[in-house]
Amino acid sequence: MTLNELKHANLKKWIEEAVSLMTPDSVEICDGSQSEYDRMLKTLLDAGLATPLNSEKRSNSYLFRSDPSDVARVENRTYIASKNKDDAGPTNNWVDPAELKKTMSGLYKGCMKGRVMYVVPFSMGPVGSVIAKIGVEITDSPYVVANMHVMTRVGTKVLSALGSDGFFAPCYHSVGKPLADGEKDNGKWPCAPIEQKYISHFPETREIWSYGSGYGGNALLGKKCLALRIASVLARDEGWLAEHMLILKLTNPKGVSKYVAGAFPSACGKTNLAMLIPTLPGWKVQTVGDDIAWMKFGPDGRLYAINPEAGFFGVAPGTNESSNQNAMASIKSNTIFTNCGLTEDGDIWWEQIGHGAPGAEIIDWKGQKKPAPKTDKSPKGEEIAHANARFTAPAKQCPVMAPEWEDTKGVPISAFLFGGRRPSTIPLVNQSNSWAHGVFMGSITGSEVTAAAITDQVGQVRRDPFAMLPFCGYNMGDYFKHWIKIGAKAEAEGNGDKLPKIFFVNWFRKDKNDKFMWPGYGENSRVLAWIFDRCDNADNFVETPIGNLPKPGSIEPPADVSAETLKELCSVDIEGWKKEIADVRKNHYPQFGDKLPKELAGELDAIEKRLNG
Ligand code: OXD
Ligand code: MN
């Protein structure tokens, strides 16, 4: 399709404006076809950016190495440019939108010289779902186009759904590396220096402007930028939820299924939980999504969720046959790998993949030859794969995708989980005693800082409310209020009992010897089973000052966990909780000022009173 054939006048005008600003050599409107995907990879091969993998090991799969300055989301270059600073709130970087547009227009001027401008119409969510939203990304990166093909639904079918006047979120993206006459990328990942990278969101106009990075969430604008930051604003305005949550389907031995959504900060094993293989006999977990959930009330008063994505953009290191067999099966073919090691036999490799690398040498993520590791560990600082190396794989390749993962009406959610890495204090599982108490739990979610991170903060909890800290497109205090309102709306409509039950889980408790007390992974099915029964109001709990904990005997311990340890995991650490409450009161809640909902201040007081009572 050509620009002139576009039926949507505003879309056409917006593209024309971009063309005159960015001056690409040519414009292509993406149709989403397999041949288009293949053409992108061919272009990337010709540019020396893609390495084809051994097709007997990973068919139709490629490895990319990004620039060392462009390996992860850049939170300090990510902006929420709302008209008022207060609307971005205390947890976001804010710049005046007019000023930011002026700066970025300067950068965008002529930025696509020597390149093709690709126009990528994409749908977040199954095309035609009432929960889905359409975006159009303009990009000069064929790597982004190929990744968008996997992560979203791209192409002509989206333009048809958009019609002549449908809503789309306009997304600009450029790697920020125009080419001089005759210049080629020649194997060098194109991007701009860090101080020129901008990942900007304009909540009032639903626009996304990204410049200077070609990597992950900075560049695949459907994911964090649209499906979380802009969608959280849409959700606030339209009365729904856009959350950083996995969605899983849990089936008990009687064949009854429930759907669970869970928010965990990055690096807590969300993808592993979404694809878990239960150790508990007769139970089954299937995947609906591993990162993002969009939820709306259905006509029956229940909250229905879709996974707005179509693929997995998973962290590679640590993924192996025992941590996540289903992810390993998902990446056997048609997968894009970025910043992994390359073995002598043409396959990828990363730390904790479960085995050493074959042959004598391996090429690391920077393209350097190194001795092939004999085990799956590397000395610190000498890692073969970057810690944020990724795979981009189609969700349909996951052997445990729930058949309804593309159901346009979504799946009804029975439970929300919140969790982080908490070596102390937080029990294995704890059910909130009300919606407001559950929102309180979400608001204090976080992970303890370990010695591996910032030394002067060791032992402190870095709060990541609802795991949305880097992803909330507006004032976090207003976001808490929105969650309170969602509960109040259901109550007012007589549907309070249909709201998902809320749980706080913690797979990461450690004992005095710094050893994990709970094995995690497949054994987490024991906790999921308890949660499942709680949703049916089973008599499997005891009331405590912090919430409902498992009744002794209601969770059968895994073979390597003693009854004593399980008891400790499921009890209230009164002194620890008093410190937790004091920390929230002193270091966390004050930042929200008068935006903090009174309900949450009330929950804090109430728990403190119960702990002292
Ligand atoms: C992600 C993240 O990449 O949460 O999904 O950081
Ligand atoms: Mn995520």
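The model shown is predicted, which means the values in this text are computed figures rather than measured ones.

Enquirer: Before we go on, may I ask you to explain the pattern of salt bridges in this structure?
Expert: Close approach of charged atoms allows side chains of opposite charge to pair. Here the structure, examined in full by the defined rule, presents 40 salt bridges. Between Lys13 and Glu17 there is a salt bridge, and its shortest N-O distance comes to 3.7 Å. Residue Lys13 and its partner Glu17 are both found in helix α1 (residues 9-22); the two are separated by 4 residues, about one turn of the helix. Since its relative accessible area comes to 39%, Glu17 is described here as partly exposed.

Enquirer: Which parts of the structure should I look at to understand the site of ligand 1?
Expert: The environment of ligand 1 is made up of Arg73, Lys224, His244, Ser266, Asp291, Arg390 and Phe471. One of the side-chain nitrogen or oxygen atoms of His244 is found 3.1 Å away from an oxygen atom of ligand 1. Side-chain polar atom of Arg390 to an oxygen atom of ligand 1: 3.0 Å apart, as the coordinates give it. In the complex, 87% of the free accessible area of ligand 1, which totals 210 Å², lies under the protein chains.

Enquirer: What is the right way to read the nonpolar core from this model?
Expert: Core analysis: the biggest nonpolar cluster contains 130 residues, and Phe64, Trp294, Trp350, Phe416 and Trp483 have the highest contact counts within it. A total of 9 residues in this core trace back to one element, the largest contributor, which is helix α8 (residues 222-238). If near-sequence neighbours (up to four positions away) are discounted, Trp483 is found in contact with Leu241, Glu243, Met245, Phe416, Phe418, Trp435, Val439 and Phe466. The next biggest cluster of nonpolar side chains, apart from the first, holds 34 residues, and it includes Leu248, Leu428, Phe503 and Val527.

Enquirer: What is the right way to look at the packing of helix α15 (residues 574-588) against helix α16 (residues 598-612) in this model?
Expert: Packed helices, taken two at a time, are described by the angle their axes make and the gap between the axes. For the pair α15 and α16, the least separation of the axes is 10 Å and the interaxial angle reads 155 degrees. Comparing their axes, α16 and α15 come out roughly antiparallel. Remark: the crossing between α15 and α16 carries left-handed chirality. Counting all contacts with α15, which are made through Ile574, Trp577, Lys578, Ile581, Val584 and Arg585, the residues of α16 involved are Leu604, Asp605, Ile607, Glu608, Leu611 and Asn612. Residue composition of the contact of α15 with α16, grouped by class: 7 nonpolar, 1 polar and 4 charged.

Enquirer: Can you walk me through the coordination of the manganese ion (ligand 2) in this structure?
Expert: Reference geometry at the metal: tetrahedral coordination by four donors gives ideal angles of 109.5 degrees; octahedral coordination by six donors gives 90 or 180 degrees. At 2.2 Å from the manganese ion (ligand 2) lie its protein donor atoms, namely Lys224 (NZ), His244 (NE2) and Asp291 (OD). Written as a sequence motif, the donor residues of the manganese ion (ligand 2) are K-x19-H-x46-D. Placement of Lys224 in helix α8 and of Asp291 in the loop between β14 (284-289) and β15 (293-297) is noted, with a sequence separation of 67 residues between them. Taken as a pair, Lys224 and Asp291 share a single burial class, namely buried.

Enquirer: When you look at the packing of aromatic side chains in this model, what are you seeing that I'm missing?
Expert: Given two aromatic rings, their pairing is described by the distance between the two centres and the angle made by the two planes. Scanning the entire structure with this criterion turns up 28 aromatic pairs. Ring geometry for Tyr143 against Trp189: centres 4.9 Å apart, planes inclined by 75 degrees, an arrangement best described as edge-to-face. Taken as a pair, Tyr143 in helix α5 (residues 142-151) and Trp189 in the loop between β8 (169-174) and β9 (198-202) lie far apart in primary sequence, 46 residues in all. The same class applies to Tyr143 and to Trp189, which are both buried. Clustering of aromatic rings is evident, with ring pairs tying together Phe416, Phe418, Trp435, Phe466, Tyr474, Tyr479, Phe480, Trp483 and Phe592. Residue placement shows Arg77 over the ring face of Tyr198; its charged tip is 4.7 Å from the ring centre. In this structure, Arg236 packs its charged tip against the face of Tyr474, placed 4.7 Å from the ring centre.

Thresholds applied
Residues numbered from 1 in each chain as written. Chains lettered and ligands numbered in written order. Predicted model: local features only at pLDDT ≥ 70, side-chain atom pairs only at ≥ 80, totals over all residues. Heavy atoms only, no water. Salt bridge = Lys/Arg side-chain N within 4 Å of Asp/Glu carboxyl O. Helix = DSSP H or I, 4+ residues; strand = E, 2+ residues; numbered from the N terminus. Buried < 20%, exposed > 50% of the residue type's maximum accessible area, 1.4 Å probe, protein only. Near = heavy atom within 4 Å. Polar contact = N/O pair within 3.5 Å; in protein donor to acceptor, adjacent residues only side chain to side chain. Areas by Shrake-Rupley, 256 points an atom, 1.4 Å probe, with all protein chains shown as cover. Core = buried A, V, L, I, M, F, W, Y, C linked by side-chain atoms within 4.5 Å. Contact = heavy atoms within 4.5 Å. Axes fitted to C-alpha atoms, helices over the stretch in contact; angles between N-to-C directions. Parallel < 35°, antiparallel > 145°, perpendicular 65-115°, else oblique. Left-handed = near helix turned anticlockwise from the far one by under 90°. Nonpolar A, V, L, I, M, F, W, Y, C, P; charged D, E, K, R; others polar. Donors = N, O, S within 2.8 Å, 3.2 Å for Na, K, Ca; no water. Phe/Tyr/Trp six-rings, centres within 6.5 Å; stacked < 30°, edge-to-face > 60°. Lys NZ or Arg CZ within 6 Å of the ring centre and 35° of its normal.

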